[in-house]
Amino acid sequence: MIPNPFETVREVIDPSPPVSDAVKYTTCYMCACRCGIKVHLKDGRIRYIEGNRNHPVNKGVLCAKGSAGIMTHYSPARLTKPLRRVGPRGSGEFEEIEWEEALATAAGWLGEIRGRDPRKLAFFTGRDQSQSLTGWWASQFGTPNHAAHGGFCSVNMAAAGLYTIGGSFWEFGEPDWDHTRYFMMFGVAEDHDSNPIKMGLGKIKGRGAKFVSVNPVRTGYSAIADEWVGIRPGTDGLLVLAIVHELLKARRVDLDYLVRYTNAHWLVIQDPGAADDGLFARDEAGNPLCFDKNTGALTSALLADVAPALVGEHTLPDGRVAVPSFQLLHDRYVADEYAPDAVAERCGVPADTIRRLAAEIAHAAFEQEVMIEQPWTDWAGRKHDRMIGRPVAMHAMRGISAHSNGFHTCRALHLLQVLIGSIDAPGGFRYKPPFPRPVPPPVKPAGKAGQVQPNTPLAGPPLGFPMGPEDLLLDEDGTPRRIDKAYSWEAPIAAHGMMHMVIRNAWAGDPYPVDLLFMYMANMGWNSSMNTAGTMAMLTDKDPATGEYKIPKIIYADAYASETIAFADLVLPDTTYLERWDCISLLDRPICDADGAADSIRQPIVPPDRDVRPFQDVLIDLGVRIGLPGLTHPDGKPKYPGGYPDYLANHERSPGIGPLAGWRGVDGSKGGKGEPNPDQLARYVDNQCFWRHEFKPEERYFKHANKAYLETAVSLGLIGKADPIILQLYSEPLQKFRLAAQGHGAVVPPEEHRPRVERYFDPLPFWYPPFEGDAVAEEGYPMHAITQRPAAMYHSWGSMNAWLRQIHGLNKLYMSRERAESLGIADDDWVAVTSHHGRIKAQAKLMEGVNPDTVWTWNAIGKRRGAWNLSAEAPEANKGFLLNHLIAELLPERGGGYRYSNSDPVTGQAAWYDLRIRIEKVAADAAGTVAEPTFEPVSPPPNPPRAEAMLRFGAPTGREAAE
Amino acid sequence: MHPAASVIFFTTASGAGYGLLFLLGIAGAAGLVPASLAFGLVGFTLAFGLITAGLLASTFHLGRPERAWRALSQWRSSWLSREGVAALVTYAPAGLFALGWVVFGEARGIWGVFGLLGSLGAVATVVCTGMIYASLPTIRQWRQPLTIPVYLTIGLYTGALWMALLSAAFGGAASAFLWLAVLAGLSAAGVKALYWRTIDTEAPVTTSGTATGLGSLGRVRLLDAPTTSQNYVMREMGYRVARKHAMKLRAIAAVIGVAVPVLLLLIAAAVGGGAAVVPVFLAALSGSAGAVVERWLFFAEATHVVTTYYGAEAA
Amino acid sequence: MTMLPATAGTKKLGLVIDLDICVGCHACAVNCKEWNSGGHSAPMTDWNAYSGTESTDGDDDGAWGVWFNRVHTYEVGDGAEGRTVHFPRSCLHCETPACVTVCPTGASYKREEDGIVLVNEDLCIGCKLCSWACAYGAREYDHEDGVMKKCTLCIDRIYNENLEEVDRVPACVSTCPASARHFGDLGDPDSAVSVLVAERGGYDLMPEMGFKPTNKYLPPRPGKTACGSTGAPSRLEQLVAEAADAVPQGKAVPATTGGKMLAWVDAVLSR
Ligand SMILES: Nc1nc2c(c(=O)[nH]1)N[C@H]1C(S)=C(S)[C@@H](COP(=O)(O)OP(=O)(O)OC[C@H]3O[C@@H](n4cnc5c(=O)[nH]c(N)nc54)[C@H](O)[C@@H]3O)O[C@H]1N2
Ligand SMILES: Nc1nc2c(c(=O)[nH]1)N[C@H]1C(S)=C(S)[C@@H](COP(=O)(O)OP(=O)(O)OC[C@H]3O[C@@H](n4cnc5c(=O)[nH]c(N)nc54)[C@H](O)[C@@H]3O)O[C@H]1N2
Ligand code: SF4
Ligand code: SF4
Ligand code: SF4
Ligand code: SF4
Ligand code: SF4
Ligand SMILES: [Mo]
């Protein structure tokens, strides 16, 4: 047929092409939000990933990272085979070995250490989602030297919450998106509740509730805030306490809420110098006392039918005086130092704005009460006709916590919410199960002298919540027992460990050297370390006397050719998230929401096409090889011959409680607690890989004091007892540490640590300047430097993703236009940024919406040359830069020469955002200028998959195939 | 706009070719030049060569040149399609005209009618080419009443340069063509100067404010582009020539495109006879080079409204 | 065909994008890319995907490729008074777009039945003229295929009977976590999207082009920083004043017992 060139040809479209030939459900792991996904397969390849509409976390939506999962899965940066180092450490020269050899080598090292001194193993994991396995494994091994990323991540958030309200922000609580009238967000760019927060913001904006974002930078969520408060970093505590000041002065606090649910009426002993000064006055049974106005007598503060006083000096039976903790609180915050006018300049927020925010909070809380017509019963059995809420909700994350004053700032935030009575009230902050838990949760860290023995499991979990100095992990002489110095006087409540100090301490042999550093899923050779260049040097440093590496052996389990691979002696290649079983457990960091308890799994969607193994299987295999009792029968046979899936279904942490809560019991009829069910995983797979128990309407609010909820929580195994959970405005455990610093008690800090412990263990929240800013000269380092997470990139995990690296292939240093212009800096100029610790070179980008004293950049975009199987020309490695080079892991020296870690003094939280800098334009640069510092390129692992220049993903399934 | 070599070559070469064809048609029909074999062979080879090379070059610009024939179908609405049709249609009378001239040694009479039809086709084709640009509302510097005159005068001018050369070499009203070339050159320069003044002084049609619809809230500045790397639209539409550079190039275009050729033409006029061939040839080369510079600028100076999404304040 | 449909249909399918709640997360952009990688216009070619292999057209070392939806971020106004606006941009399925009329081959066309503007890749010669004619940068050239590609409004989803009915919306809409994207018939004044546009003052981008975009943008709502914008009293001042006599000014701990101090707290409270 001769074509007619003048003919108008119409396209015939098939509007109903088959989408896929198979659909499988699993859980996303492009970040820690853990959304449910529906994976479409065509010809055995992944064709499309979408959000699972039925899933409690994301309800069908999917973020940019999740949508780019295909590219993460098929990335040429995937490791392909176990590797043994052949070149010098850091060079990235490896040979491929077989799994048997890799496992035998690792087991040999591990077994030897376990038989000699289990503490010589430091087992640290990064963005780990199987901490209930890894933590349990460490404790089976017998080493206290275990933690995941929480310590450098947001332990301030977790600890402050758990020590105050028995729950926390992070992803463990959520604003009442459906009822709040006033939502304040402090220092959040993404958080782990990535999709739920976006969904929630869309909801409240649609409803016309007011959204205030307190953040030095106006991007992301802050962009859509009805009000942006461009605060100066590290000063939120002042802002919050100034709001408290205003509310107290205006008498806008919920006194009924305080006496019902908090320790506001508990009497605090006022006896300066005494060993129990500042502790709660208690009766013989140990119950805290209050003054009952009905009887005019002291009585147990826990009784239901009392009329407790919130003020007044009361005389204790022993003649001493005690006052209700509320009075101490009140007196502290009405003081002028917390007046808006006193804090405005420091915060960079006008006093009028602070007063207005306080007025708006008061207005929303007390004049716009929400009422849910839902009867409920409180812990004491009293019935309430309805649920009355104070619709002011708050959420905060690392902008608060990644400062050395973050613990107290976060406590201040909780204090504010408690004062207005909004915690777990309709419209306020809501707990997600397993929270609320007792304040703090009744778990102590194990690792004391007697608790660590060769070939013996640890007496408990390595991480927990100290109630006082007696729970610290110290040697007789006060030396820290853990390699990261968690639970020492440096960081007594380091409830998540201090991963950022592990490499440094191991290198320095301070408090002692280790033999083996075993890391999983943590890019410590680059973006998750402070002082990155120094860290790389420590990882490769040798003892001149012996010629041995200072950290003798390093095993690393990663799935990709990250920067840290180069520093491992043995590399255990993991699968991608679409190739393995995983478990998002209630024992760990579950996917619950305020209305239901839930957990989920990942199932293999496609089989690995490389010689890699799921790390959890590897960990169990290693445990069997070294005979960990939890993993082997007495005859040495494995307890879970089926590996990780077998463990998931059949392991019991305590009777009836296992990794997964759904479909327990032999016939799968039980939820929460019950006998193991061999078919459990199949039931999960049938239910789209998640399980959820929805709470009854009467269980959904006031969970800390809601009888029905508390009983349900016990039956599900979330908490031990159905006792009410009392919010601790005034924190007695903190006062106990303070008393120790004053010389009281059996465990007291060494002289040199005393002033510090005394100052920072204040039972009521207070504000102090972040350490770094306080230690360096203001003129020398006048500006703050912080990072933010980009929504479309997960730490370092996105640069191997061909799609995401188009969105964030390099980063710039953002700064205020006005400030930049005054320094002669224009867009794209190269600037030198100097901190007390180092200097980097980066390109500037000018903007309006940033606190003028602050510069910022996207986190973890800069890459080391050669890593991630990217070419050495990659913009990530040449224009992208890492702020971490400027951040020291140790604070500048102070009197006495001791250098504390760059952390919060209470929790050991890494103080990433305390960084102070100065910035200068560098003299005209030639074309081809690159970001500094620069490092030798690492060589890619042997035989990496070919990185295709051009990607035609989908071509075989698209139009071409049809033709 | 990204100045693509193939398109620049296409429009300048075919412009000159059609200019020449136009003049051949008129001159032939009017008997202003001898219908000699040599004149015809060289003249038509040159004209068809320039046109065809240009058209071929324009297909290099295509992603699917093998489908180029499909471009004929949409003549009802598309100036590009019309251009294709016009170009093809023009080949027929022009070819017949060439046949008469070269084979039968006759350019007048019925052959001359073909010649005039060819001239008409040439004008139509150049108008279509110009309209491709002039019809785009997205590019202010192109959507100008002067765009068609620019294309026409420059086509005529460059064609006239070659025509002057031909008649200097092979006889005919050589000096008429010399003066025509001078006149065309000066009018092209005038039209272009007017064009430049217009685009320099005219207000932009679009701002980042109207592009985003956010202008009423204040000045709109791009904070982050969608990707940190360049994309197709940025590369194709985002090309911007520095003002200083553009001014320099305008001067160069004026000098080598018009001033030098006119000078050479005047010299040729003064010298006269066979010796005029050399300066006229140089004038043709210089004028064509000038046209290329002009055409490069036509693209490079054009700002596309889409750039207002990528950081430009206005376009 | 290149001519616009002579009788414009009454159905005008399109998107409504709410700039008031878009958080700039790029989810719509990536999910669009993902869906279309296996869809009507597949593949969505990427070049220099892992750098170091710069393709002929690359003038930086980054990766780049075909995307039908791209998210910009703008700052509007100066300093703290200004605001940041995230701005997703894809084909607007204009009613009278030049991208269609300029096309010489008929590859670029507007469907009569629903107004969707598509490229027939079997006809396209890759002349790129339509991309010059589009004011909105919505056309993406695939060098490898030599043809123009663009947002299809997910033509292979919205009518797809292999998908559940709820899923028959564009990929970018179903994935948007903030629900900032809406899909529907803007030709029907009673449709949910039309109502939204009417209520919120939805507007056209670059109306001066005369393309009459179908897609609409909802403007960011005004900020609420003025006193009283939430209905709250401008200050707590009155309240503070009423309370002033009860509060000791600037006294230190624990000087507040007794007297009428803290009288308000001293109410009888029951647990
Ligand atoms: N300057 C600055 N530095 C920071 C922060 C900051 O805000 N600013 N944030 C800090 C915080 S909060 C955190 S949590 C840390 C995060 O730091 P990390 O926990 O180190 O996170 P990633 O960089 O994502 O590195 C994790 C490693 O996991 C690997 N990986 C990815 N998928 C898999 C898999 O499926 N299996 C295995 N085995 N490995 C995989 C990746 O290849 C990568 O090497 O960074 C910290 N560093
Ligand atoms: N897309 C994406 N999501 C992620 C991650 C990721 O890498 N990418 N990482 C995950 C991890 S490990 C974590 S820990 C969470 C962290 O989630 P976020 O806490 O949201 O993480 P950051 O990006 O560190 O955000 C800190 C925010 O605080 C602001 N800020 C800094 N200093 C201050 C201050 O002093 N005061 C106030 N008010 N604000 C301040 C910064 O500008 C920034 O917006 O995100 C998780 N989710
Ligand atoms: S937020 Fe995004 S990356 Fe994280 S789990 Fe959900 S879809 Fe995946
Ligand atoms: S997915 Fe939604 S919120 Fe995210 S960038 Fe797109 S439109 Fe905006
Ligand atoms: S947005 Fe561009 S491509 Fe889409 S219809 Fe309008 S003009 Fe055409
Ligand atoms: S590139 Fe293709 S669709 Fe666009 S105008 Fe040319 S032929 Fe038509
Ligand atoms: S409608 Fe479909 S093709 Fe168009 S932008 Fe949305 S997802 Fe992409
Ligand atoms: Mo983190």
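Residues numbered from 1 in each chain as written. Chains lettered and ligands numbered in written order. Predicted model: local features only at pLDDT ≥ 70, side-chain atom pairs only at ≥ 80, totals over all residues. Heavy atoms only, no water.

S.K.: Would you mind going over the site of ligand 1 with me for this structure?
M.R.: Residue and element names in this part refer to chain A. Close to ligand 1 lie 32 residues; N527, S528, D558, S796 and W797 are nearest. Taking S528, its side chain carries an N or O atom lying 2.6 Å from an oxygen atom of ligand 1. For ligand 1, a nitrogen atom lies 3.4 Å from a polar atom in the backbone of A559. The protein chains hide 99% of the 900 Å² of surface that ligand 1 would expose on its own. Mapped onto the shell around ligand 1, the elements with two or more residues apiece are α5 (150–153) and β24 (553–558). It is β24 that contributes the most residues to the shell around ligand 1, three residues altogether. Along the lines of polarity and charge, the residues of the shell around ligand 1 split into 14 nonpolar, twelve polar and six charged. (Near = heavy atom within 4 Å. Polar contact = N/O pair within 3.5 Å; in protein donor to acceptor, adjacent residues only side chain to side chain. Areas by Shrake-Rupley, 256 points an atom, 1.4 Å probe, with all protein chains shown as cover. Helix = DSSP H or I, 4+ residues; strand = E, 2+ residues; numbered from the N terminus. Nonpolar A, V, L, I, M, F, W, Y, C, P; charged D, E, K, R; others polar.)

S.K.: Looking at this structure, how should I read the interface of chain A and chain B?
M.R.: How big an interface is tends to be stated in terms of the accessible area lost upon association of its parts. Counting residues at the interface gives 21 residues for chain A, matched by 16 residues for chain B. The junction of chain A with chain B conceals about 1300 Å² of combined surface from both sides, 55% of it contributed by carbon and sulfur atoms. The largest contributions to the chain A side of the interface with chain B come from P5(A), F6(A) and Q806(A), which together make up 35% of the buried area. Linking chain A to chain B there are one salt bridge. E848(A) is the salt-bridge partner of R221(B), the closest N and O atoms lying 3.1 Å from each other. Linking chain A with chain B are seven residue pairs in polar contact (both at pLDDT 80 or more). Contributions of two or more residues to the side of chain A that touches chain B are made by α25 (804–807) and β32 (839–847) of chain A. (Contact = heavy atoms within 4.5 Å. Buried area = accessible area lost by both parts, 1.4 Å probe. Salt bridge = Lys/Arg side-chain N within 4 Å of Asp/Glu carboxyl O.)

S.K.: Honestly, the packing of helix α2 (residues 37–60) of chain B against helix α5 (residues 147–170) of chain B in this entry has me stumped. Any pointers?
M.R.: Axes are the key here: two packed helices are described by the angle between their axes and the distance separating the axes. Residue and element names in this part refer to chain B. Following both chains from N to C, one finds α2 and α5 inclined at 160°, their axes separated by 10 Å at the closest point. Of the possible angle classes, the one that applies to α2 and α5 is roughly antiparallel. The two elements α2 and α5 cross, and the hand of that crossing is right-handed. Where α2 approaches α5, its residues A38, F39, V42, G43, L46 and L50 are matched on the opposing element by W162, M163, L166, S167 and F170. Considered class by class, the residues forming the contact of α2 with α5 number nine nonpolar, two polar and no charged. (Axes fitted to C-alpha atoms, helices over the stretch in contact; angles between N-to-C directions. Parallel < 35°, antiparallel > 145°, perpendicular 65-115°, else oblique. Left-handed = near helix turned anticlockwise from the far one by under 90°.)

S.K.: What should I look at first to understand the pattern of salt bridges in this one?
M.R.: Side-chain pairs of opposite charge can arise whenever the charged atoms involved come near each other. Residue and element names in this part refer to chain A. Enumeration according to the criterion identifies 96 salt bridges over all chains in this entry. Residue D471 pairs with K444 through a salt bridge whose shortest N-O separation is 3.5 Å. In this pair, D471 is assigned in the loop between β22 (429–431) and α16 (499–508) and K444 in the loop between β22 and α16, connecting sequence segments 27 residues apart. The buried category is assigned to D471, whose relative accessible area is 7%. Residue classification places K444 among the partly exposed positions, given a relative accessible area of 40%. Ionic pairing is found between E694 and R692, a salt bridge with its closest N-O pair at 2.5 Å. Taken together, the shared-partner salt bridges in this structure form one network comprising R430, D593, D595, R692, E694 and R700. (Buried < 20%, exposed > 50% of the residue type's maximum accessible area, 1.4 Å probe, protein only.)

As far as function goes, none of this settles anything; it's purely spatial.
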